[in-house]
Amino acid sequence: MNLAIVGVTGMVGRVILNLLEEKKIFLKNLYPVASKKSIGKKIFFKKKKIKILSIEETFSLKPDVAIFSAGAEISKKWGMKFTRKGTLLIDNSSAWRMNKSKKLIVPEINGKFISKRDKLIANPNCSTIQLVMVLYPLHLKYRIKNITISTYQSVTGSGKKGLDQLRNEEDRKKTKKIYSFKIHRNVIPHCDKFDDYGSSKEELKLINETKKIFSNKRIGITSTSIRVPIVGGHSESINLTFKNDFDINELRQILSNTSGLILMDNIKKNIYPMPILCEENNNVFVGRIRRDFSKKKSLNMWIVSDNLRKGSATNAVQILEYLIYNKFI
Ligand SMILES: NC(=O)C1=CN([C@@H]2O[C@H](COP(=O)(O)OP(=O)(O)OC[C@H]3O[C@@H](n4cnc5c(N)ncnc54)[C@H](OP(=O)(O)O)[C@@H]3O)[C@@H](O)[C@H]2O)C=CC1
Ligand SMILES: N[C@@H](CC(=O)OP(=O)(O)O)C(=O)O
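None of these values were measured; they are calculated from a predicted model.

(A) Geometry of the UniProt feature "domain: Semialdehyde dehydrogenase NAD-binding" (unreviewed entry) in the chain. Those residues carrying the UniProt feature "domain: Semialdehyde dehydrogenase NAD-binding" (unreviewed entry) are residues 2–117 in this numbering. Across residues 2–117, the secondary structure splits into 30% helix and 24% strand, with the terminal C-alpha atoms separated by 19 Å.

This is how it looks when you write it as structure tokens:
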């Protein structure tokens, strides 16, 4: 298989490279792609140096598969050109996620719906992936009626520029600002652009993508997305109301039996998920699970995952593995 990674020098692209090595995925050729300023520079992969290519050159090489991780504009401009030429595309951006003809895949949940006919598979938003990983097994058992989410998103969610701003501010250096305010020693209730009704695009992605992955438009979902000065790992405070009542021990058991989830929930020993415990881990962590006594059939919980792992690169590489396993490529 010839594989192109578009956005290979980015926060997500670099983790994709690590995962391909960790998982020992066999590649005939790797085509690393980045912006003009990186063309000709080299990346290390499996102890070899490989030259970074332009997207134009890579297009002419007709890779079997491409993982796009370079922003929505690149995906909109180039995505269909690649698929028309026969490349199977796994797209990490928001460009195609809500397109009715494209599947939005978290392999543990709806990977089984991928078919040989799919030429472009969309990878969900990072906050959405960790949310649905925990909520879906509970939805199957108790049917979710309402979800209230507050996210605490790390600066790596904004790519290299987010990390640079935080690091420069920590070191009291001059910096380009990608956030409206200082992020060091601050918390900013603003991720992505606002719409006319006051919600941010990040908040809407959580709502719309979750409904699409669950194939259920009726769940009530509301969200607030917050940027925090954390380097790796998004956290989420969740309040859920179910249609059916639950037994809290059974609910914990469901979560601890679900592949890809780690239950970290023992308050007597101060065991709960935190970003510093989840970095560079492919799983989603859940804890602080407790009944919400203010409403019937309701629950609070806390979810953490590395946004550069399961939130993006890991999920994309799992899709690739699924395609390989099913001989779709
Ligand atoms: N970070 C996260 O937590 C998540 C990110 N995503 C998505 O992943 C994508 C990448 O994010 P991230 O890695 O954080 O971003 P970065 O800003 O860290 O990296 C962007 C990458 O895109 C490349 N690039 C920019 N312009 C072009 C171009 N014209 N042609 C080819 N390559 C180009 C950059 O190359 P160069 O180094 O040369 O500038 C770099 O490799 C985005 O679509 C984002 O929405 C999805 C979920 C989570
Ligand atoms: N917006 C996310 C990361 C990201 O790039 O998301 P998306 O792929 O949905 O644009 C964050 O800020 O943490």
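(B) Spotlight on the domain arrangement of the chain. As far as domains go, the chain holds domain 1 (2–124 + 312–325) and domain 2 (127–307). Facing 20 residues of domain 1, the contacting portion of domain 2 comprises 17 residues. Summing both partners gives a buried area of about 1,600 Å² for domain 1 against domain 2, and 65% of it is carried by carbon and sulfur. Among the residues of domain 1 in contact with domain 2, M11, M98 and I109 are the three that bury the most area, contributing 36% of the side total. One can count 1 salt bridge joining domain 1 with domain 2.

(C) Spotlight on the site of ligand 2. The full set of residues close to ligand 2 is N92, R97, N125, C126, Q153, G157, E202, K205, R227 and H234. Taking R97, its side chain carries an N or O atom lying 2.7 Å from an oxygen atom of ligand 2. With respect to ligand 2, the side chain of N125 contributes an N or O atom lying 2.8 Å from an oxygen atom. In terms of residue class, the shell around ligand 2 is made up of 1 nonpolar, 5 polar and 4 charged.

(D) Broad picture of the site of ligand 1. Taken together, 25 residues are adjacent to ligand 1, and T9, V12, S35, S38 and K160 come closest. At a separation of 2.9 Å, an oxygen atom of ligand 1 approaches a polar backbone atom of V12. Contact distances for ligand 1 include 3.0 Å between a nitrogen atom and a backbone N or O atom of T156. Protein chains shield 80% of the accessible area of ligand 1, which is 900 Å² for the free molecule. Listed by contribution, the elements that provide at least two residues to the shell around ligand 1 are α1 (11–22) and α10 (309–325). Residues belonging to the shell around ligand 1 are distributed by class as follows: 8 nonpolar, 15 polar and 2 charged. Structurally, the shell around ligand 1 is a two-domain feature, drawing no fewer than three residues from each of domain 1 (2–124 + 312–325) and domain 2 (127–307).

Rules of the game
- Residues numbered from 1 in each chain as written.
- Chains lettered and ligands numbered in written order.
- Predicted model: local features only at pLDDT ≥ 70, side-chain atom pairs only at ≥ 80, totals over all residues.
- Heavy atoms only, no water.
- UniProt positions renumbered as here; feature names shortened; annotations may be inferred.
- Helix = DSSP H or I, 4+ residues; strand = E, 2+ residues; numbered from the N terminus.
- Domains from an automatic or database assignment.
- Contact = heavy atoms within 4.5 Å.
- Buried area = accessible area lost by both parts, 1.4 Å probe.
- Salt bridge = Lys/Arg side-chain N within 4 Å of Asp/Glu carboxyl O.
- Near = heavy atom within 4 Å.
- Polar contact = N/O pair within 3.5 Å; in protein donor to acceptor, adjacent residues only side chain to side chain.
- Nonpolar A, V, L, I, M, F, W, Y, C, P; charged D, E, K, R; others polar.
- Areas by Shrake-Rupley, 256 points an atom, 1.4 Å probe, with all protein chains shown as cover.

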